[in-house]
Amino acid sequence: MRHDLEKMKTNANRLPAELKERIAKAGVTRAPVENITLPPALHFTHCGSVVNTAKRVFCWHRFTDAEVAALLAGQVIEITATSPKTGEPFTCRGTLEAGVMEKGNDKYPFVGFKPQFDKRTDLVSGVGKGKNVQFKGRGWGANEHWSGKDFTEQELAQLFAGETIEFEAKGKTGKPYTAKGALAARTYKGQKTFGSTLKFDERAPTTKPKKRKATK
């Protein structure tokens, strides 16, 4: 750890004096990192470096005193955190685990919260357009009026082959419609993903032509 501190100081000294001056004038300050002091039994030694602390914040969730006590006792806890990519909350379980993070040619030992997620059973995987893709293939479009679409093996094969499929579905209001969809890249909340992007049949109501009144 002492080696890491010395390296951080050396890197800080490399910052241009002008940049330091601008930061000082702007009043930009970095919030101190809050750590958990680990008992000797949880210390992690790697290549001569000893890790004796762990971060108390994980994805903007600050562990409570009770959660810290449980983690230090080796227990699994459940928390609600915030995704740094989407900003959406998520729930996960986890415990403290030791590991080594590699960055370039450097290796940094650490002890931190390791999240555990339940394996989803609604996802299907395959190769589409030469890439490994995964999307919701069970219960697609489910709502209070409809249990959703479970794609058959034949439909999945068609989707992975780049074909368009068609099936009957129900909207959020319970109104039935015919859906057409194909596997295509799409952007969801700023993240590019693969999914079954569906285009709906638009059936405009037919209107009868108005009868003209006979002129006398």
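Analysis parameters
Residues numbered from 1 in each chain as written. Predicted model: local features only at pLDDT ≥ 70, side-chain atom pairs only at ≥ 80, totals over all residues. Heavy atoms only, no water. Core = buried A, V, L, I, M, F, W, Y, C linked by side-chain atoms within 4.5 Å. Buried < 20%, exposed > 50% of the residue type's maximum accessible area, 1.4 Å probe, protein only. Helix = DSSP H or I, 4+ residues; strand = E, 2+ residues; numbered from the N terminus. Contact = heavy atoms within 4.5 Å. Phe/Tyr/Trp six-rings, centres within 6.5 Å; stacked < 30°, edge-to-face > 60°. Polar contact = N/O pair within 3.5 Å; in protein donor to acceptor, adjacent residues only side chain to side chain. Pairing = 2+ DSSP bridges. Axes fitted to C-alpha atoms, helices over the stretch in contact; angles between N-to-C directions. Arc of directions from axis to C-beta. Salt bridge = Lys/Arg side-chain N within 4 Å of Asp/Glu carboxyl O.

*Asks:* Looking at this structure, how should I read the nonpolar core?
*Replies:* The nonpolar side chains of a soluble globular protein tend to be buried, and buried together. Grouped together as the largest cluster of nonpolar side chains are 17 residues, with contacts concentrated most on Phe58, Phe63, Ile77, Ile79 and Phe113. Going through the elements one at a time, helix 3 (65–72), strand 7 (77–82), strand 8 (89–103) and strand 9 (106–116) are the ones with two or more residues in this core. Every residue in contact with Phe113, bar those within four places of it in the chain, is listed here: Phe58, Phe63, Leu71, Ile77, Ile79, Cys92, Arg93, Gly94, Thr95 and Leu96. Counting 15 residues, the second largest nonpolar core, distinct from the first, contains Trp140, Phe151, Phe160 and Tyr177.

*Asks:* Help me understand the packing of aromatic side chains, please; the structure alone is not making it clear to me.
*Replies:* The geometry of an aromatic ring pair comes down to the distance between the two centres and the angle between the two planes. This structure, assessed with the given rule, holds 7 aromatic pairs. For the pair Phe135 and Phe151, a centre-to-centre distance of 6.3 Å together with 65° between the ring planes defines the contact as edge-to-face. Of this pair, Phe135 sits in strand 11 (residues 131–136) while Phe151 sits in the loop between strand 11 and helix 4 (153–160); the two residues are 16 residues apart in sequence, bridging distant segments of the chain. Comparing Phe135 with Phe151, the two get one shared label, buried. Members of the aromatic cluster, joined through ring pairs, are Phe135, Trp140, Phe151, Phe160 and Phe167.

*Asks:* Hey, could you run me through the environment of Leu183 in this one?
*Replies:* Relative to the elements of secondary structure, Leu183 occurs in strand 13 (residues 176–188). According to the relative accessible area criterion, Leu183 is buried, its value standing at 6%. For the pair formed by Leu183 and Gly162, sequence separation is 21 residues and the distance between their alpha carbons is 6.4 Å.

*Asks:* How should the side chain of Thr178 be read in this particular structure?
*Replies:* Among the structural elements, Thr178 can be located in strand 13. Residue Thr178 is classed as buried on the basis of its relative accessible area of 6%. Engagement of the side chain of Thr178 in a polar contact is seen with the side chain of Glu168, the distance being 2.9 Å.

*Asks:* How should unusual backbone geometry be read in this particular structure?
*Replies:* A negative phi holds for most residues other than glycine; trans holds for most peptide bonds. The residue Cys47 is not glycine, and still its phi comes out positive at about 50°. Position of Cys47 among the secondary structure elements: in the loop between strand 2 (44–46) and strand 3 (49–51). The class for Cys47 is exposed, based on a relative accessible area of 71%. One non-glycine residue, Cys59, adopts positive backbone phi at about 50°. Relative to the assigned elements, Cys59 resides in the loop between strand 5 (57–58) and strand 6 (61–62). Looking at Cys59, the relative accessible area reads 24%, which means it is partly exposed.

*Asks:* How should I be thinking about the sheet that holds strand 8 in this particular structure?
*Replies:* Across a sheet, paired strands are connected by hydrogen bonds in the backbone, their directions being either parallel or antiparallel. Read from one edge to the other, the open sheet built from 3 strands follows the order 7-8-9, with strand pairing classed as antiparallel. Taken across any chain shown, the strands that pair with only one partner, and hence form the sheet edges, are strand 7 and strand 9. Averaged over all neighbouring strand pairs, the angle between strand axes comes to 50°, with direction disregarded. Sheet topology places strand 7 next to strand 8; 6 bridges connect them, and they run antiparallel.

*Asks:* Help me understand helix 3 in this model?
*Replies:* Each turn of an α-helix holds 3.6 residues, which means side chains three or four residues apart point in the same direction. Among the residues of helix 3, those classed as buried are Glu67, Val68, Ala70 and Leu71. Seen along its axis, helix 3 keeps its buried residues to an arc of 165°; they face one direction. Exposed residues pointing more than 90 degrees away from the buried face of helix 3 are listed as Asp65 and Ala66. Along its buried surface, helix 3 packs onto strand 1 (35–37), strand 6, strand 7, strand 8 and strand 9. Following helix 3 by one or two positions, Gly74 has its phi on the positive side, about 85°.

*Asks:* Sorry, what's going on with the pattern of salt bridges here?
*Replies:* Think of it this way: side chains of opposite charge can pair up when their charged atoms draw near. Evaluation of the coordinates by the stated rule reveals 6 salt bridges. Glu34 is the salt-bridge partner of Arg62, the closest N and O atoms lying 2.6 Å from each other. Taken together, the positions of Arg62 in strand 6 and Glu34 in the loop between helix 2 (17–26) and strand 1 put the pair 28 residues apart, joining distant regions of the chain. Since its relative accessible area comes to 33%, Glu34 is described here as partly exposed.

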